[in-house]
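The chain contents come next:
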Amino acid sequence: GENVEQHPSTLSVQEGDSAVIKCTYSDSASNYFPWYKQELGKRPQLIIDIRSNVGEKKDQRIAVTLNKTAKHFSLHITETQPEDSAVYFCAAIPVGYGNKLVFGAGTILRVKS
Amino acid sequence: DVKVTQSSRYLVKRTGEKVFLECVQDMDHENMFWYRQDPGLGLRLIYFSYDVKMKEKGDIPEGYSVSREKKERFSLILESASTNQTSMYLCASSQTGGSYEQYFGPGTRLTVT
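Model, not experiment: these values are computed from the prediction.

**Comments concerning the interface of chain B and chain A**
In many reports, interface size means the accessible area that the parts give up when they come together.
Then comes step 1: On the chain A side, the residues contacting the 25 residues of chain B number 17 residues.
Then comes step 2: The tally of links between chain B and chain A comes to one salt bridge.
Then comes step 3: Its salt-bridge partner being B:Glu56, residue A:Lys100 comes within 2.9 Å of it at the nearest N-O pair.
Then comes step 4: Between chain B and chain A we count seven residue pairs in polar contact (both at pLDDT 80 or more) in total.
Then comes step 5: Per-class residue counts for the side of chain B that touches chain A are eleven nonpolar, eleven polar and three charged.

Here's what the structure looks like:
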């Protein structure tokens, strides 16, 4: 089955710097890759997603890139702010999984002001 | 706005007790999910339901069962709670077709003593 690995497990950056979180997946037929943000004590929420027919997607300060050949996708946050501090989860939907997501282990991002 | 609610935010049960966790969504979503969240392990799927009375095992179904008698409600049952089931339990829902976005509930922190 699909396996999603996420790195790093923790990331500390200075406010204003960029943060990059990377995920690799095992099933080359996976076709949907979302990123969820979970603030402390709150529920995970979708922040951005990308489908396999697109290489990059941006939404203000966040972007996701997908490299299908290498089977990895990354979340990029520019000009980080303290409110970006959270746990970020990547996920993938392999073909044949219907609507089920396979999640990575999560990255704790700390933005130091 | 999608709303997913869970019956309890915190629950303390004794080993061997039968435990019911309830989840309700108000957006007429076909799909509902139960996840377990543990530090360093991400979100692991316990069970998934794609319709009333329909269910599929996820990655870690052992020790759990589910019930979906109505479209809006999905229950997770621990037949005989054990200490290794101490965890955060998250419910989610999504629609079939189009977006794969999952909407999460606030979570139930279950402690089994």
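**Some thoughts on the state of the cysteines**
Then comes step 1: Within this structure, the stated rule accounts for two disulfides over all chains.
Then comes step 2: Paired by a disulfide, A:Cys23 and A:Cys90 hold their sulfur atoms 1.9 Å apart. In this structure, the disulfide formed by A:Cys23 and A:Cys90 twists by about -100 degrees around the S-S bond and is classed as left-handed. With a gap of 67 residues between them, A:Cys23 in strand β3 (residues 19-25) and A:Cys90 in strand β9 (residues 86-92) connect regions that are remote in the sequence.
Then comes step 3: Looking at A:Cys90, the relative accessible area reads 0%, which means it is buried.
Then comes step 4: Across the disulfide from B:Cys23 sits B:Cys91; the S-S distance is 1.8 Å. Where B:Cys23 bonds to B:Cys91 through sulfur, the torsion about that S-S bond is close to -75 degrees, and the disulfide is left-handed. In this pair, B:Cys23 is assigned in strand β3 (residues 19-25) and B:Cys91 in strand β9 (residues 87-94), connecting sequence segments 68 residues apart. Take B:Cys23 and B:Cys91: they sit in the same class, and that class is buried.

So, how was this worked out
Residues numbered from 1 in each chain as written. Chains lettered and ligands numbered in written order. Predicted model: local features only at pLDDT ≥ 70, side-chain atom pairs only at ≥ 80, totals over all residues. Heavy atoms only, no water. Contact = heavy atoms within 4.5 Å. Salt bridge = Lys/Arg side-chain N within 4 Å of Asp/Glu carboxyl O. Polar contact = N/O pair within 3.5 Å; in protein donor to acceptor, adjacent residues only side chain to side chain. Nonpolar A, V, L, I, M, F, W, Y, C, P; charged D, E, K, R; others polar. Disulfide = S-S within 2.5 Å. Helix = DSSP H or I, 4+ residues; strand = E, 2+ residues; numbered from the N terminus. Buried < 20%, exposed > 50% of the residue type's maximum accessible area, 1.4 Å probe, protein only.

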